Amino acid sequence: MALPAGMMDAAEGIVRDRPMEPSPLSCAVVEEWLASGVIASVQKDLGHETRRRSRLASSLLGMSGLVIHPAACQVWLPAPRGIAGRLVLAATAVGIKVTQPESVMAEREDRITGIRLCLGGPTFEELTEALSVFAELLKSARSTAVEHQ
């Protein structure tokens with residue numbers, strides 16, 4: 001918190017005195033959802049959808065090097081830094097947003113990194129289209145990398 005000198009103690013007191021617990025109404029709603037099975041049903045549906053999206057990613061991108069878990073909403077595609085960078089640029093150029101390889105690197109000097117693909121945001125149809133396009137970009141990047149070896 002950035003405040004003028006002398007106001008920090010007053011601001012801390014106000015923040016400390018504010019209630020941070022959930023409202024009784026929120027607690028009652030959650031209690032009802034637990035008792036009626038709504039939460040269990042939502043968890044089951046989310047698990048089904050996550051597995052469906054993971055299967056889609058696996059089928060379109062292939063399993064070669066892809067790190068995937070059926071209960072995860074993302075997949076990891078390990079790649080050399082140069083290939084990962086080119087894939088990000090190509091994906092961005094066609095409107096596919098992916099995690100920048102540098103954002104997941106522990107050491108800036110590392111030559112191996114990868115791309116994290118989020119499976120949970122778009123609709124299933126949007127995801128299918130984006131992964132299909134990304135699969136073509138990946139195939140192109142891999143063939144270009146083989147040509148340069």
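The rules behind these values
Residues numbered from 1 in each chain as written. Predicted model: local features only at pLDDT ≥ 70, side-chain atom pairs only at ≥ 80, totals over all residues. Heavy atoms only, no water. Helix = DSSP H or I, 4+ residues; strand = E, 2+ residues; numbered from the N terminus. Expected span 1.5 Å × (residues − 1). Phe/Tyr/Trp six-rings, centres within 6.5 Å; stacked < 30°, edge-to-face > 60°. Lys NZ or Arg CZ within 6 Å of the ring centre and 35° of its normal. Patch = residues over 30% accessible without salt bridge, like charges linked within 9 Å, V, L, I, M, F, W, Y side chains within 5 Å. Areas by Shrake-Rupley, 256 points an atom, 1.4 Å probe, with all protein chains shown as cover. Salt bridge = Lys/Arg side-chain N within 4 Å of Asp/Glu carboxyl O.

Overview of helix 2 (residues 24-36)
Since one α-helical turn is 3.6 residues long, residues separated by three or four positions face the same way.
Next, step 1: With 13 residues, helix 2 ought to run about 18 Å at 1.5 Å a step, and its terminal C-alpha atoms sit 18 Å apart, in line with that.
Next, step 2: Positive backbone phi, at 90°, marks Gly 37, one or two positions downstream of helix 2.

Brief notes about the packing of aromatic side chains
Next, step 1: On inspection of all chains with the given rule, the structure shows 0 aromatic pairs.
Next, step 2: Across from the ring centre of Phe 124, 3.6 Å away, lies the NZ or CZ of Arg 52, which sits over that ring.

Quick notes on a nonpolar patch on the surface
Next, step 1: Nonpolar side chains collect at one region of the surface, where Leu 25, Val 29, Val 30, Trp 33, Leu 34, Val 38, Val 42 and Leu 46 lie side by side and expose about 720 Å² of accessible area between them.
Next, step 2: Those elements that provide at least two residues to the nonpolar patch are helix 2 and helix 3 (38-61).
Next, step 3: The biggest single contributor to the nonpolar patch is helix 2, with 5 residues.
Next, step 4: Along the chain, Val 42 falls in helix 3.

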